[in-house]
Amino acid sequence: MSRTMSIEELRGILIACAGGEDADAPPEDFADLAFDDLGYDSLALIETAARLKLDHGVVIPDDLITEVGTPAELLKLVNERTAA
């Protein structure tokens, strides 16, 4: 049974993996902004991959997650892997 993740669910995970500071939370229209512009480095993305695996059973290898450029691209990847 697969379930599609929403951009808001992903936003919550990204906030938690970046230290959980709501003041530093991505803006509401963050989906197409580059992770670099949002202040997310490879370590934050690897933490995000670990959280996705732990909480949602979605496995994204470290080398793949560090190639994703925007939250929208990451969401697409997550939902493709959830459906597979």
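Report follows, based on the coordinates. Residues take numbers from 1 onward in each chain, read along the sequence in its written order. Only residues with pLDDT of at least 70 are given local features in this predicted model, and only at 80 or more are side-chain atom pairs given and counted; all residues enter the totals for whole chains, interfaces and linings. Values reported for side chains reflect all heavy atoms of the structure, with hydrogen atoms and water molecules removed beforehand.

1. Regarding helix H3 (residues 42-56)
Item 1. Secondary structure elements follow DSSP: runs of H or I of four or more residues count as helices, runs of E of two or more count as strands, with numbering from the N terminus. Helix span, as expected, comes to 1.5 Å for every residue beyond the first. The terminal C-alpha atoms of H3 lie 20 Å apart, and with 15 residues this matches the ideal 21 Å at 1.5 Å per residue to within 8%.
Item 2. If you check which residues of H3 are buried, you get Ala44, Leu45, Thr48, Ala49 and Leu52. Buried positions in H3, seen along its axis, are confined to an arc of 145 degrees and lie on one side of it. For H3, the exposed residues lying more than 90 degrees away from the buried face are Leu43, Lys53 and Leu54.
Item 3. Here, two residues are considered to be in contact whenever any of their heavy atoms come within 4.5 Å of each other. Turning to H3, the residues buried within the fold contact helix H1 (7-17), helix H2 (35-38), helix H4 (62-65) and helix H5 (71-83).
Item 4. Where H3 terminates, the next one or two residues include glycine 57, which has phi positive at roughly 70 degrees. Burial classes follow relative accessibility: with a 1.4 Å probe on protein chains only, a residue under 20% of its type's maximum area counts as buried, one over 50% as exposed, and anything between as partly exposed. The reported arc concerns the directions from the helix axis to the C-beta atoms and nothing else.

2. Remarks on the nonpolar core
Item 1. Met5, Phe35, Leu52, Ile60, Leu74 and Val78 are the most contacted members of the largest nonpolar core, which totals 21 residues.
Item 2. Within the residue set of this core, elements represented by two or more residues are H1, H2, H3 and H5. By nonpolar core is meant a set of buried Ala, Val, Leu, Ile, Met, Phe, Trp, Tyr and Cys residues that side-chain atoms within 4.5 Å join together.

3. Considering the environment of aspartate 55
Item 1. For aspartate 55, the position within the fold is in helix H3.
Item 2. When the C-alpha positions of aspartate 55 and isoleucine 13 are compared, they lie 9.7 Å apart, and in sequence the two are 42 residues distant.

4. Details of the packing of aromatic side chains
Item 1. Only the six-membered ring of Trp is used, alongside the rings of Phe and Tyr, when aromatic pairs are assigned; centres must lie within 6.5 Å, and planes under 30 degrees apart are stacked while those over 60 apart are edge-to-face, with the rest tilted. Under the counting rule described, the total for this entry stands at one aromatic pair.
Item 2. Here phenylalanine 35 and tyrosine 40 contribute two aromatic rings whose centre-to-centre distance is 6.0 Å and whose plane-to-plane angle is 70 degrees, an arrangement assigned as edge-to-face.
Item 3. Given the relative accessible area of 2%, phenylalanine 35 is considered buried.
Item 4. Exposure remark for tyrosine 40: the relative accessible area of 4% places this residue in the buried category.

5. Some words on the packing of H1 against H3
Item 1. H3 packs onto H1 with a crossing angle of 125 degrees between their chain directions and a minimal axis gap of 9 Å. One way to sum up the angle between H1 and H3 is to call them oblique. Relative to H3, H1 is oriented so that their crossing is right-handed. Contacts from Ile13, Leu14, Ala16 and Cys17 of H1 reach H3 at Ala44, Glu47, Thr48, Arg51, Leu52 and His56.
Item 2. Looking at the contact of H1 with H3 residue by residue, the classes come out as six nonpolar, two polar and two charged. Axis definition: a line fitted to C-alpha atoms, limited for helices to the stretch in contact. Angles are taken between N-to-C directions and run from 0 to 180 degrees. Under this scheme an angle from 65 to 115 degrees is roughly perpendicular, one under 35 degrees roughly parallel, and one over 145 degrees roughly antiparallel; angles in between are oblique. Crossings are sorted by hand: turned counterclockwise from the far helix by less than a right angle, the near helix makes the crossing left-handed, and turned clockwise it makes it right-handed. Amino acids outside the nonpolar list (Ala, Val, Leu, Ile, Met, Phe, Trp, Tyr, Cys, Pro) and the charged list (Asp, Glu, Lys, Arg) are all regarded as polar, and Gly is one of them.

6. Section: the environment of glutamate 8
Item 1. Inspection of the secondary structure puts glutamate 8 in helix H1.
Item 2. Note: C-alpha distance between glutamate 8 and alanine 31 (23 residues apart in sequence) is 9.6 Å.

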